[in-house]
Amino acid sequence: MRVLLTGGAGYIGSHTALVLMERGHDVVVLDDFSNSSIEAVRRIEELGGRAVQLVTADLADPAAARAALEGIDFDAAIHLAGLKAVGESVAQPTRYYRVNIDSALVLLDLMHERGVTKLVFSSSATVYGDPTVSPIDESQPSGVGLTNPYGWTKAMIEQIIRDTRAARPELGAVLLRYFNPVGAHPSGRIGEDPSGIPNNLMPFIAQVAVGKRERLSVFGDAYPTPDGTGVRDYIHVMDLAEGHVAALERIEPGVEAYNLGSGTGSSVLEVVRAFEQASGRPVPYDIVPPRAGDVAEVVADPSKANERLGWSTTRSLAEACADSWRWQSTNPGGYAG
Ligand code: UD1
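Scope of this entry: the structure provided in the associated data block. Owing to the predicted nature of the structure, the values given are computational and were not obtained by experimental measurement.

## Observations concerning helix 8 (residues 237-249)
Logical step 1: Compared with an ideal rise of 1.5 Å per residue, which puts 13 residues at 18 Å, helix 8 spans 19 Å between its outermost C-alpha atoms and is within 8% of the ideal.
Logical step 2: For helix 8, a buried count of eleven out of 13 residues is recorded, marking the element as mostly surrounded by other parts of the structure.
Logical step 3: Those residues of helix 8 not exposed but buried are Val 237, Met 238, Asp 239, Leu 240, Ala 241, Gly 243, His 244, Val 245, Ala 246, Ala 247 and Leu 248.

As structure tokens, this is what we get:
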């Protein structure tokens, strides 16, 4: 298949591009490089051993996106482009709604115009809000009581895709609800390159281990979890990338949501210890008050993806830490050097 990967130069996109290439698919990366680097595309080509077709355009701008994709064919789309920082979305709601919703609308229209019927959407476990059960499966309510605009855009785009399919029965769409992606390609050549202060746990820990930041702040130690710190389902980004390809290769008309997670929860302090072990470096930390909007535990029940996609995670948290450390220690300044 020839696959359009929107946001294909980003963290999830770059790893997914590589797995697609390894599976024999052709990749068209569309990115505006607002939060990614062209160096990532160069490295995917180097690792994959062949060229990627690159389209530089802002997908939220219909005229620009249509012009940039003129004459470029694709059989399916994996939609990853969008803004993803929770705190920023609270401060800049209109920007988040405009960019994320418009990008999805433009892509759906372009697919319709061209008769493309296969779509994989990068959703998030954030659509479950503050889940009342753990592990959580896809039958649990989603899009209820979410606490930030970023999360709402994911839930709204899921609904937009369902409504589009109702009007266009030939459309086959998969909504992939990611839990917490971590790690990097085992080569250490591509990985997560956050701009500014990382919001997420593992990139922050990696920057402490490499000496770029002094100490980690652990957000709360009085949650009802075994050691009191927050529990999440960390999934190796290579497992996540393989989940996209498994989903893409099995798409049928209709809309299906799948959790992509490992099914195992790890606490903040367990991640700290795993990273210390993998890196051989200390990760000093302070316990500070909980972060607004955080919940005690979010763990996937990935049975549906295991059974219907024939996919499951194969990489451990220890491997994710080792791969993240390889990327961080050999690229301390990210793609910029
Ligand atoms: C966050 C977002 C989620 C988004 C996901 C991936 C919130 C409420 N949720 O998930 O919508 O899809 O990122 O981008 O922001 N922690 C610390 N210190 C830190 C950073 C994190 O103790 O410096 C803790 C958190 O309290 C949490 C765990 O580490 O218990 C994981 O945090 P994080 O990596 O930010 O992911 P989530 O909050 O699960």
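That covers the picture; the talk isn't over yet.
## Concerning the site of the ligand
Logical step 1: Around the ligand, the surrounding shell holds 19 residues, and the nearest of these are Leu 201, Ser 217, Arg 232, Arg 291 and Asp 294.
Logical step 2: Take Ser 124: an N or O atom from its side chain is 3.2 Å from an oxygen atom of the ligand.
Logical step 3: Protein contacts shield 88% of the accessible area of the ligand, which totals 740 Å² for the unbound molecule.
Logical step 4: For the shell around the ligand, the element with the highest residue contribution is strand 8 (residues 216-219), accounting for four residues.
Logical step 5: Here the residues of the shell around the ligand are counted per class, giving eight nonpolar, eight polar and three charged.

## Structural notes on the sheet that holds strand 9 (residues 231-232)
Logical step 1: Across the sheet, three strands lie side by side as 12-9-14; this open sheet has mixed pairing. Single-partner strands in this sheet number two, and they are strand 12 (266-267) and strand 14 (297-298).
Logical step 2: Bridge analysis of strand 9 against strand 14 gives two bridges, and the strand direction is parallel. Directly across from Arg 232, in strand 14, lies its bridge partner Val 298.

## Some words on the nonpolar core
Logical step 1: The biggest cluster of nonpolar side chains holds 43 residues, and the ones touching the most others in it are Leu 20, Val 27, Ile 78, Leu 176, Leu 248 and Leu 260.
Logical step 2: With eight residues, helix 8 is the largest single contributor of residues to this core.
Logical step 3: If we skip the residues at most four places from it in the chain, Leu 260 touches Leu 176, Arg 177, Tyr 178, Phe 179, Ile 235, Leu 240, Gly 243, His 244, Ala 305 and Trp 311.
Logical step 4: Ranked by size, the runner-up nonpolar core spans 28 residues in total, among them Leu 59, Ile 72, Phe 74 and Leu 175.

## Comments concerning the pairing of strand 6 (residues 172-178)
Logical step 1: Most of strand 6 is tucked away, with seven of its seven residues classed as buried.
Logical step 2: Two strands pair when backbone bridges link them, and strand 5 (residues 118-124) and strand 6 are joined in this way by seven bridges, in the parallel orientation. Across the sheet, Ser 123 pairs through a bridge with Arg 177, a residue of strand 6.
Logical step 3: Two elements, strand 6 and strand 11 (residues 254-260), share seven bridges in a ladder whose sense is parallel. Bridging from a neighbouring strand, Tyr 178 pairs with Leu 260 of strand 11.

Conventions and cut-offs
- Residues numbered from 1 in each chain as written.
- Predicted model: local features only at pLDDT ≥ 70, side-chain atom pairs only at ≥ 80, totals over all residues.
- Heavy atoms only, no water.
- Helix = DSSP H or I, 4+ residues; strand = E, 2+ residues; numbered from the N terminus.
- Expected span 1.5 Å × (residues − 1).
- Buried < 20%, exposed > 50% of the residue type's maximum accessible area, 1.4 Å probe, protein only.
- Near = heavy atom within 4 Å.
- Polar contact = N/O pair within 3.5 Å; in protein donor to acceptor, adjacent residues only side chain to side chain.
- Areas by Shrake-Rupley, 256 points an atom, 1.4 Å probe, with all protein chains shown as cover.
- Nonpolar A, V, L, I, M, F, W, Y, C, P; charged D, E, K, R; others polar.
- Pairing = 2+ DSSP bridges.
- Core = buried A, V, L, I, M, F, W, Y, C linked by side-chain atoms within 4.5 Å.
- Contact = heavy atoms within 4.5 Å.

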